[in-house]
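So the chains spell out like this:
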Amino acid sequence: MKIHEYQAKDIFASYGIPVPAGRVAFTPDEAAAIAAELGGKAVVKAQVHVGGRGKAGGVKLATTPEDAREKASQILGMDIKGLTVQKVLVSQAVDIAQEYYLGLTMDRDARKLVLILSASGGVDIEEVAAKTPEKIAKVHIDPLIGLQEFQLKRAIFRSGVDVSKAKEIKGIIRKLFTCYLAIDASLAEINPLVVTKAGEVIALDAKINIDDNALYRQPELEKLLEVGADMDAIEAEAYHKGIAYVHLSGGNIGVMGNGAGLVMTTMDVISRAGGKPNNFLDIGGAATTEVVENELMLILKDPDVKGIFLNVFGGIVRCDMVAEGI
Ligand code: GDP
Ligand code: MN
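Structure report, in brief. (Residues numbered from 1 in each chain as written. Chains lettered and ligands numbered in written order. Predicted model: local features only at pLDDT ≥ 70, side-chain atom pairs only at ≥ 80, totals over all residues. Heavy atoms only, no water.)

This brings us to the overall build of the protein. Summing up its helical and strand segments, the protein has 11 helices and 16 strands in all. The C-alpha atoms of the protein give 22 Å as radius of gyration, which agrees with the globular expectation for 326 residues (20 Å, within 12%). A fraction of 65% describes how many contacts in the protein between residues 6 or more apart in sequence connect residues 24 or more apart. Put simply, the protein shows about 16,200 Å² of open surface, and 54% of that area lies on carbon and sulfur atoms. With 36 positive and 43 negative side-chain charges, the protein shows a separation of 8 Å between the mean positions of the two kinds. (Helix = DSSP H or I, 4+ residues; strand = E, 2+ residues; numbered from the N terminus. Rg over C-alpha atoms; globule rule 2.2 N^0.38 Å. Contact = heavy atoms within 4.5 Å. Areas by Shrake-Rupley, 256 points an atom, 1.4 Å probe, with all protein chains shown as cover. Lys, Arg positive; Asp, Glu negative; His and termini not counted. Charge placed at Lys NZ, Arg CZ, Asp CG, Glu CD.)

Written as C-alpha coordinates, this is what we have:
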(Lines give C-alpha, C1' and ligand atoms only; values in the text may rest on other atoms or scores of the structure.)
(Ligands and ions follow the chains in the order given, each with its own letter.)
Protein backbone atom coordinates (compact mmCIF):
# COMPACT_ATOMS: atom_id res chain seq x y z
CA MET A 1 0.00 0.00 0.00
CA LYS A 2 1.22 3.45 -0.91
CA ILE A 3 0.70 6.53 1.22
CA HIS A 4 1.11 10.21 0.41
CA GLU A 5 4.20 12.30 1.03
CA TYR A 6 2.46 14.42 3.70
CA GLN A 7 1.39 11.27 5.55
CA ALA A 8 4.88 9.77 5.27
CA LYS A 9 6.39 13.01 6.56
CA ASP A 10 4.11 12.93 9.61
CA ILE A 11 5.29 9.38 10.29
CA PHE A 12 8.96 10.34 9.78
CA ALA A 13 8.53 13.33 12.11
CA SER A 14 7.06 11.05 14.79
CA TYR A 15 10.30 9.03 14.64
CA GLY A 16 12.41 12.18 14.96
CA ILE A 17 13.45 12.56 11.32
CA PRO A 18 13.61 16.28 10.49
CA VAL A 19 11.07 17.36 7.85
CA PRO A 20 10.07 20.86 6.72
CA ALA A 21 6.92 22.26 8.34
CA GLY A 22 3.82 22.00 6.19
CA ARG A 23 0.21 20.88 5.83
CA VAL A 24 -2.08 19.43 3.22
CA ALA A 25 -4.53 21.65 1.29
CA PHE A 26 -7.54 20.75 -0.84
CA THR A 27 -8.22 24.21 -2.29
CA PRO A 28 -6.12 27.18 -3.52
CA ASP A 29 -7.47 29.27 -0.59
CA GLU A 30 -6.28 26.72 1.96
CA ALA A 31 -2.90 26.66 0.23
CA ALA A 32 -2.64 30.44 0.50
CA ALA A 33 -3.54 30.33 4.22
CA ILE A 34 -0.90 27.68 4.95
CA ALA A 35 1.73 29.62 2.98
CA ALA A 36 0.89 32.71 5.06
CA GLU A 37 1.39 30.68 8.27
CA LEU A 38 4.76 29.56 6.92
CA GLY A 39 5.85 33.12 6.30
CA GLY A 40 4.89 33.49 2.65
CA LYS A 41 7.59 31.54 0.86
CA ALA A 42 6.47 27.95 0.31
CA VAL A 43 6.65 24.97 -1.98
CA VAL A 44 3.38 23.54 -3.34
CA LYS A 45 3.53 19.81 -4.07
CA ALA A 46 1.04 17.51 -5.77
CA GLN A 47 0.00 14.62 -3.52
CA VAL A 48 -0.42 11.60 -5.78
CA HIS A 49 0.85 8.06 -5.43
CA VAL A 50 3.54 8.31 -8.13
CA GLY A 51 7.08 9.60 -8.26
CA GLY A 52 8.54 12.10 -10.69
CA ARG A 53 6.10 14.85 -9.69
CA GLY A 54 8.82 17.50 -9.99
CA LYS A 55 9.51 16.68 -13.63
CA ALA A 56 5.77 16.53 -14.36
CA GLY A 57 5.28 20.10 -13.08
CA GLY A 58 3.67 18.98 -9.82
CA VAL A 59 6.20 20.71 -7.51
CA LYS A 60 6.31 24.52 -7.63
CA LEU A 61 7.94 27.20 -5.52
CA ALA A 62 5.77 30.12 -4.39
CA THR A 63 7.12 33.42 -3.09
CA THR A 64 3.96 34.82 -1.48
CA PRO A 65 0.61 33.42 -0.18
CA GLU A 66 -1.02 34.85 -3.32
CA ASP A 67 1.53 33.03 -5.46
CA ALA A 68 0.87 29.82 -3.47
CA ARG A 69 -2.84 30.16 -4.27
CA GLU A 70 -1.96 30.52 -7.97
CA LYS A 71 0.47 27.56 -7.94
CA ALA A 72 -2.06 25.40 -6.06
CA SER A 73 -4.76 26.19 -8.61
CA GLN A 74 -2.36 25.11 -11.38
CA ILE A 75 -1.48 21.85 -9.64
CA LEU A 76 -4.91 20.84 -8.26
CA GLY A 77 -6.74 18.88 -10.96
CA MET A 78 -3.52 18.25 -12.87
CA ASP A 79 -3.07 14.78 -14.36
CA ILE A 80 0.18 13.11 -13.33
CA LYS A 81 0.81 9.70 -14.90
CA GLY A 82 -2.92 8.99 -15.05
CA LEU A 83 -3.72 10.20 -11.53
CA THR A 84 -5.68 13.39 -10.85
CA VAL A 85 -4.24 15.68 -8.18
CA GLN A 86 -6.84 16.20 -5.45
CA LYS A 87 -4.64 17.69 -2.75
CA VAL A 88 -1.36 19.49 -2.36
CA LEU A 89 1.22 19.70 0.39
CA VAL A 90 2.20 23.26 1.18
CA SER A 91 5.50 23.23 2.99
CA GLN A 92 8.27 25.51 4.04
CA ALA A 93 10.62 26.30 1.14
CA VAL A 94 14.17 25.18 1.79
CA ASP A 95 17.44 26.58 0.41
CA ILE A 96 19.22 23.50 -0.89
CA ALA A 97 22.99 23.02 -0.87
CA GLN A 98 23.11 19.25 -1.55
CA GLU A 99 20.55 16.65 -2.64
CA TYR A 100 21.20 13.09 -1.46
CA TYR A 101 19.25 9.85 -1.85
CA LEU A 102 18.43 7.63 1.13
CA GLY A 103 16.29 4.51 0.96
CA LEU A 104 15.55 1.29 2.78
CA THR A 105 13.86 -1.66 1.14
CA MET A 106 13.92 -5.41 0.91
CA ASP A 107 16.34 -7.26 -1.33
CA ARG A 108 14.50 -10.51 -1.90
CA ASP A 109 17.42 -12.17 -3.68
CA ALA A 110 19.72 -11.45 -0.72
CA ARG A 111 16.94 -12.13 1.80
CA LYS A 112 18.04 -9.02 3.60
CA LEU A 113 17.14 -5.41 3.93
CA VAL A 114 19.16 -3.06 1.80
CA LEU A 115 20.21 0.43 2.79
CA ILE A 116 20.78 2.67 -0.22
CA LEU A 117 22.62 5.97 0.04
CA SER A 118 23.97 8.30 -2.64
CA ALA A 119 25.38 11.79 -2.84
CA SER A 120 23.75 12.08 -6.28
CA GLY A 121 20.11 12.24 -5.19
CA GLY A 122 17.25 14.26 -6.63
CA VAL A 123 14.97 13.96 -9.61
CA ASP A 124 17.56 12.18 -11.80
CA ILE A 125 18.27 9.25 -9.47
CA GLU A 126 16.99 6.70 -12.02
CA GLU A 127 19.50 8.01 -14.55
CA VAL A 128 22.29 7.87 -11.95
CA ALA A 129 21.33 4.26 -11.18
CA ALA A 130 21.37 3.35 -14.87
CA LYS A 131 24.50 5.19 -15.97
CA THR A 132 26.73 5.48 -12.91
CA PRO A 133 25.61 2.80 -10.44
CA GLU A 134 28.96 3.12 -8.61
CA LYS A 135 27.67 6.41 -7.22
CA ILE A 136 25.03 4.54 -5.25
CA ALA A 137 26.10 2.71 -2.09
CA LYS A 138 24.12 -0.40 -1.17
CA VAL A 139 24.64 -2.08 2.18
CA HIS A 140 22.74 -5.21 3.16
CA ILE A 141 21.34 -5.57 6.65
CA ASP A 142 20.45 -8.89 8.21
CA PRO A 143 16.96 -8.41 9.65
CA LEU A 144 17.71 -10.73 12.58
CA ILE A 145 20.86 -8.85 13.58
CA GLY A 146 19.69 -5.34 12.81
CA LEU A 147 21.54 -2.23 11.76
CA GLN A 148 25.21 -2.13 12.81
CA GLU A 149 27.51 0.87 13.21
CA PHE A 150 29.98 -0.47 10.61
CA GLN A 151 27.17 -0.64 8.06
CA LEU A 152 26.38 3.03 8.65
CA LYS A 153 30.05 3.94 8.20
CA ARG A 154 30.30 1.84 5.05
CA ALA A 155 27.23 3.53 3.54
CA ILE A 156 28.52 7.00 4.42
CA PHE A 157 31.99 6.45 2.94
CA ARG A 158 30.87 4.62 -0.20
CA SER A 159 28.09 7.09 -1.01
CA GLY A 160 30.23 10.20 -1.35
CA VAL A 161 28.08 12.28 1.02
CA ASP A 162 29.71 15.12 2.94
CA VAL A 163 31.44 13.34 5.84
CA SER A 164 31.14 16.43 8.01
CA LYS A 165 27.39 15.59 8.05
CA ALA A 166 28.00 11.91 8.92
CA LYS A 167 26.61 12.25 12.45
CA GLU A 168 23.32 13.77 11.28
CA ILE A 169 22.94 11.33 8.37
CA LYS A 170 23.67 8.32 10.57
CA GLY A 171 21.07 9.52 13.05
CA ILE A 172 18.49 9.82 10.29
CA ILE A 173 19.33 6.32 8.95
CA ARG A 174 18.92 4.83 12.45
CA LYS A 175 15.52 6.51 12.85
CA LEU A 176 14.48 5.44 9.36
CA PHE A 177 15.42 1.84 10.19
CA THR A 178 13.43 1.86 13.45
CA CYS A 179 10.47 3.40 11.64
CA TYR A 180 10.71 0.91 8.72
CA LEU A 181 10.45 -2.09 11.04
CA ALA A 182 7.77 -0.60 13.30
CA ILE A 183 5.37 0.26 10.49
CA ASP A 184 5.97 -2.90 8.44
CA ALA A 185 7.19 -0.88 5.48
CA SER A 186 8.34 -2.50 2.26
CA LEU A 187 9.97 0.76 1.16
CA ALA A 188 10.99 3.93 2.99
CA GLU A 189 12.67 6.51 0.80
CA ILE A 190 13.91 10.07 1.22
CA ASN A 191 14.78 11.62 -2.15
CA PRO A 192 16.10 14.16 -1.79
CA LEU A 193 17.61 14.10 1.67
CA VAL A 194 19.02 17.61 1.62
CA VAL A 195 21.78 19.54 3.28
CA THR A 196 20.41 23.08 3.52
CA LYS A 197 22.48 26.20 2.96
CA ALA A 198 22.31 26.62 6.76
CA GLY A 199 23.90 23.16 7.13
CA GLU A 200 20.87 21.22 8.40
CA VAL A 201 20.08 17.73 7.08
CA ILE A 202 16.36 17.25 6.39
CA ALA A 203 13.98 15.00 4.49
CA LEU A 204 12.60 17.15 1.66
CA ASP A 205 10.55 14.30 0.18
CA ALA A 206 9.12 11.17 1.77
CA LYS A 207 7.87 7.94 0.28
CA ILE A 208 6.62 4.96 2.24
CA ASN A 209 5.06 1.72 0.99
CA ILE A 210 3.49 -0.56 3.58
CA ASP A 211 3.53 -4.34 3.24
CA ASP A 212 -0.11 -5.20 2.47
CA ASN A 213 0.24 -8.48 4.35
CA ALA A 214 0.94 -6.56 7.56
CA LEU A 215 -2.06 -4.24 7.35
CA TYR A 216 -4.03 -6.44 9.75
CA ARG A 217 -1.67 -5.35 12.53
CA GLN A 218 -1.35 -1.75 11.36
CA PRO A 219 -4.94 -0.51 11.73
CA GLU A 220 -3.88 3.15 11.87
CA LEU A 221 -2.05 2.83 8.56
CA GLU A 222 -4.83 0.80 6.95
CA LYS A 223 -7.07 3.85 7.38
CA LEU A 224 -4.83 5.69 4.90
CA LEU A 225 -5.81 3.34 2.05
CA GLU A 226 -7.29 5.38 -0.80
CA VAL A 227 -9.13 3.63 -3.57
CA GLY A 228 -8.57 5.62 -6.74
CA ALA A 229 -5.40 7.31 -5.53
CA ASP A 230 -3.64 4.10 -4.67
CA MET A 231 -4.33 2.53 -8.03
CA ASP A 232 -4.58 3.62 -11.64
CA ALA A 233 -7.89 3.94 -13.48
CA ILE A 234 -7.93 0.32 -14.71
CA GLU A 235 -7.03 -1.03 -11.27
CA ALA A 236 -9.71 1.13 -9.65
CA GLU A 237 -12.30 -0.25 -12.07
CA ALA A 238 -11.11 -3.79 -11.30
CA TYR A 239 -11.33 -3.09 -7.56
CA HIS A 240 -14.91 -1.85 -7.87
CA LYS A 241 -15.86 -4.90 -9.95
CA GLY A 242 -14.18 -7.25 -7.49
CA ILE A 243 -11.63 -8.44 -10.06
CA ALA A 244 -8.18 -9.55 -8.84
CA TYR A 245 -6.11 -7.42 -11.23
CA VAL A 246 -2.73 -5.72 -10.92
CA HIS A 247 -1.43 -3.45 -13.67
CA LEU A 248 2.28 -3.55 -14.56
CA SER A 249 3.97 -0.81 -16.49
CA GLY A 250 5.93 -1.44 -19.65
CA GLY A 251 4.35 -4.75 -20.58
CA ASN A 252 2.56 -5.67 -23.80
CA ILE A 253 1.20 -9.14 -23.02
CA GLY A 254 -2.09 -9.35 -21.12
CA VAL A 255 -2.23 -12.29 -18.74
CA MET A 256 -5.29 -14.15 -17.55
CA GLY A 257 -5.45 -17.40 -15.66
CA ASN A 258 -7.19 -19.06 -12.77
CA GLY A 259 -5.57 -19.26 -9.36
CA ALA A 260 -3.10 -16.63 -8.15
CA GLY A 261 -0.23 -19.13 -8.15
CA LEU A 262 -0.88 -20.21 -11.71
CA VAL A 263 -1.15 -16.60 -12.91
CA MET A 264 2.10 -15.59 -11.18
CA THR A 265 3.86 -18.62 -12.60
CA THR A 266 2.52 -17.75 -16.06
CA MET A 267 3.93 -14.24 -15.69
CA ASP A 268 7.30 -15.69 -14.66
CA VAL A 269 7.34 -18.02 -17.66
CA ILE A 270 6.47 -15.16 -20.03
CA SER A 271 9.30 -13.07 -18.53
CA ARG A 272 11.74 -15.93 -18.75
CA ALA A 273 10.91 -16.34 -22.43
CA GLY A 274 11.73 -12.67 -22.99
CA GLY A 275 8.15 -11.32 -22.93
CA LYS A 276 6.73 -8.53 -20.79
CA PRO A 277 3.48 -9.17 -18.89
CA ASN A 278 1.16 -6.16 -18.74
CA ASN A 279 -0.95 -7.38 -15.86
CA PHE A 280 -1.90 -10.01 -13.33
CA LEU A 281 -5.49 -11.22 -13.57
CA ASP A 282 -6.92 -14.10 -11.63
CA ILE A 283 -10.25 -15.21 -13.16
CA GLY A 284 -11.29 -16.66 -9.82
CA GLY A 285 -13.02 -19.91 -9.05
CA ALA A 286 -16.66 -18.77 -9.22
CA ALA A 287 -16.47 -16.97 -12.55
CA THR A 288 -19.38 -16.83 -14.98
CA THR A 289 -19.26 -16.25 -18.74
CA GLU A 290 -20.07 -12.59 -18.14
CA VAL A 291 -17.27 -12.21 -15.58
CA VAL A 292 -14.75 -13.71 -18.00
CA GLU A 293 -15.91 -11.30 -20.71
CA ASN A 294 -15.60 -8.33 -18.33
CA GLU A 295 -12.14 -9.43 -17.30
CA LEU A 296 -10.94 -9.67 -20.90
CA MET A 297 -12.37 -6.23 -21.68
CA LEU A 298 -10.54 -4.85 -18.64
CA ILE A 299 -7.18 -6.21 -19.83
CA LEU A 300 -7.79 -4.66 -23.25
CA LYS A 301 -8.33 -1.18 -21.74
CA ASP A 302 -4.57 -0.64 -21.84
CA PRO A 303 -3.67 0.10 -25.48
CA ASP A 304 -0.17 -1.30 -24.78
CA VAL A 305 -1.67 -4.80 -24.72
CA LYS A 306 -0.86 -6.42 -28.07
CA GLY A 307 -1.84 -9.96 -27.15
CA ILE A 308 -3.32 -11.97 -24.31
CA PHE A 309 -1.83 -15.11 -22.80
CA LEU A 310 -4.53 -17.33 -21.32
CA ASN A 311 -3.69 -20.15 -18.97
CA VAL A 312 -6.82 -21.80 -17.70
CA PHE A 313 -6.65 -24.88 -15.53
CA GLY A 314 -9.71 -27.08 -15.90
CA GLY A 315 -11.40 -28.11 -12.68
CA ILE A 316 -11.21 -24.81 -10.81
CA VAL A 317 -13.48 -23.16 -13.33
CA ARG A 318 -15.54 -24.62 -16.16
CA CYS A 319 -13.50 -24.32 -19.36
CA ASP A 320 -16.53 -24.22 -21.66
CA MET A 321 -17.74 -21.18 -19.74
CA VAL A 322 -14.37 -19.46 -20.10
CA ALA A 323 -14.44 -20.26 -23.82
CA GLU A 324 -17.89 -18.72 -24.14
CA GLY A 325 -16.70 -15.61 -22.31
CA ILE A 326 -13.80 -15.22 -24.74
P1 GDP B 1 9.40 14.15 -6.84
O2 GDP B 1 9.82 14.76 -8.12
O3 GDP B 1 8.01 13.55 -6.93
O4 GDP B 1 10.36 13.17 -6.29
O5 GDP B 1 9.24 15.37 -5.77
P6 GDP B 1 10.31 15.99 -4.74
O7 GDP B 1 9.60 16.29 -3.49
O8 GDP B 1 11.50 15.12 -4.62
O9 GDP B 1 10.70 17.36 -5.42
C10 GDP B 1 11.39 17.41 -6.65
C11 GDP B 1 12.49 18.44 -6.62
O12 GDP B 1 11.94 19.72 -6.34
C13 GDP B 1 13.53 18.22 -5.54
O14 GDP B 1 14.52 17.32 -5.94
C15 GDP B 1 14.07 19.62 -5.36
O16 GDP B 1 15.09 19.88 -6.30
C17 GDP B 1 12.88 20.52 -5.68
N18 GDP B 1 12.31 21.02 -4.40
C19 GDP B 1 11.37 20.45 -3.63
N20 GDP B 1 11.16 21.18 -2.51
C21 GDP B 1 11.99 22.25 -2.58
C22 GDP B 1 12.27 23.37 -1.74
O23 GDP B 1 11.73 23.55 -0.65
N24 GDP B 1 13.23 24.27 -2.17
C25 GDP B 1 13.87 24.10 -3.36
N26 GDP B 1 14.78 25.01 -3.70
N27 GDP B 1 13.64 23.07 -4.17
C28 GDP B 1 12.72 22.16 -3.79
MN1 MN C 1 11.50 12.98 -4.65
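Text resumes after the structure shown.
Attention now moves to the coordination of the manganese ion (ligand 2). For the manganese ion (ligand 2), the full set of protein donor atoms is Asn191 (O) and Asp205 (OD), and the range of their distances to it is 2.1 Å. Remark: aspartate 205 occurs in the loop between strand E11 (201-203) and strand E12 (207-210) and asparagine 191 occurs in strand E10 (residues 185-196); sequence separation between them is 14 residues. In this structure aspartate 205 comes out as buried when scored by relative accessible area, which is 17%. (Donors = N, O, S within 2.8 Å, 3.2 Å for Na, K, Ca; no water. Buried < 20%, exposed > 50% of the residue type's maximum accessible area, 1.4 Å probe, protein only.)

All right, on to the site of ligand 1 then. The local shell around ligand 1 holds 17 residues, among which Lys45, Arg53, Gly54, Val94 and Glu99 are the closest. For ligand 1, an oxygen atom lies 2.5 Å from a polar atom in the side chain of lysine 45. Aspartate 205 has a polar side-chain atom sitting 3.1 Å from an oxygen atom of ligand 1. Calculation on ligand 1 without its partners gives an accessible area of 560 Å², and the protein chains cover 83% of this total. (Near = heavy atom within 4 Å. Polar contact = N/O pair within 3.5 Å; in protein donor to acceptor, adjacent residues only side chain to side chain.)

Core analysis: the largest hydrophobic core is formed by 40 residues, its most contacted members being Leu102, Ile169, Ile190 and Ile208. Among the elements that line this core, the one with the most residues is helix H6 (residues 166-182), at 8 residues. Ignoring sequence-local partners within four residues, the contact set of isoleucine 208 consists of Met1, Lys2, Ile3, Ala8, Ile11, Phe12, Ile183, Ala185 and Leu187. Ranked by size, the runner-up nonpolar core spans 20 residues in total, among them Val48, Ile75, Leu76 and Ile80. (Core = buried A, V, L, I, M, F, W, Y, C linked by side-chain atoms within 4.5 Å.)

Between helix H5 (residues 149-159) and H6, the shortest axis-to-axis distance is 10 Å and the interhelical angle comes to 125°. Considered as vectors, H5 and H6 are oriented oblique to each other. Between H5 and H6 the crossing geometry is right-handed. Taking contact as the criterion, the partners of Glu149, Leu152, Lys153 and Ile156 in H5 are, on H6, Ala166, Ile169, Lys170, Ile173 and Arg174. (Axes fitted to C-alpha atoms, helices over the stretch in contact; angles between N-to-C directions. Parallel < 35°, antiparallel > 145°, perpendicular 65-115°, else oblique. Left-handed = near helix turned anticlockwise from the far one by under 90°.)

For the rest of this paragraph, the subject is the pattern of salt bridges. Applying the stated rule across the entire model yields 20 salt bridges. Across the pair arginine 69 and aspartate 29 runs a salt bridge, and its minimum N-O distance is 2.6 Å. Placement of arginine 69 in helix H3 (residues 65-75) and of aspartate 29 in helix H2 (residues 28-37) is noted, with a sequence separation of 40 residues between them. Among the residues examined, arginine 69 registers a relative accessible area of 30% and is labelled partly exposed. (Salt bridge = Lys/Arg side-chain N within 4 Å of Asp/Glu carboxyl O.)

Below, the discussion takes up unusual backbone geometry. A cis geometry characterises the amide bond from asparagine 191 onward to proline 192, with omega recorded as 10°. Tracing the backbone through its elements, the reader meets proline 192 in strand E10. A positive phi angle, close to 55°, is found at aspartate 184, a residue other than glycine. With respect to the helices, strands and loops of the structure, aspartate 184 is situated in the loop between H6 and E10. What makes aspartate 184 buried here is its relative accessible area of 12%.

Let's shift gears to the side chain of histidine 4. Tracing the sequence through the fold places histidine 4 in the segment before helix H1 (5-14). A polar contact of 3.3 Å, which involves the side chain of histidine 4, links it to the side chain of histidine 49.

Below, the discussion takes up H5. Restricting attention to buried positions, one finds in H5 the residues Gln151, Leu152, Ala155, Ile156 and Ser159. For H5, the arc enclosing every buried residue in end-on projection is 135°, short of the 170-degree limit, so these residues lie on one face. Facing away from the buried surface of H5 by more than 90 degrees, the exposed residues are Phe157 and Arg158. With its phi angle positive at about 85°, glycine 160 sits one or two positions after the end of H5. (Arc of directions from axis to C-beta.)

With respect to the helices, strands and loops of the structure, threonine 266 is situated in helix H9 (residues 260-272). Among all residues touching threonine 266, those that are not within four sequence positions of it are Val255, Phe309 and Asn311.

For the rest of this paragraph, the subject is the pairing of E10. Most of E10 sits inside the fold, with 11 of its 12 residues counted as buried. Bridge count for strand E7 (residues 96-107) against E10 is 8 bridges, and the pairing is antiparallel. Considered in E10, the bridge of tyrosine 100 is made with leucine 193. As paired elements, E10 and E12 share 4 bridges and run antiparallel to each other. (Pairing = 2+ DSSP bridges.)

An order of E1-E6-E2-E3 is seen for the 4 strands of this open sheet, with the pairing classed as antiparallel. At either end of the open sheet lies a strand with only one pairing partner, and these are strand E1 (22-25) and strand E3 (59-62). The mean angle between the axes of side-by-side strands here comes to 20°, regardless of whether they run parallel or antiparallel. One ladder, built from 4 bridges, connects strand E2 (residues 42-46) with E3; its direction is antiparallel. Bridged to valine 43 within E3 is leucine 61. On top of the sheet, H1 reaches E1, E2 and strand E6 (88-92); it is set at about 45° to E6, its chief contact. Along the sheet, H3 makes contact with E2, E3 and E6, crossing E3 at roughly 165°.

Purely geometric numbers; function is a separate question.
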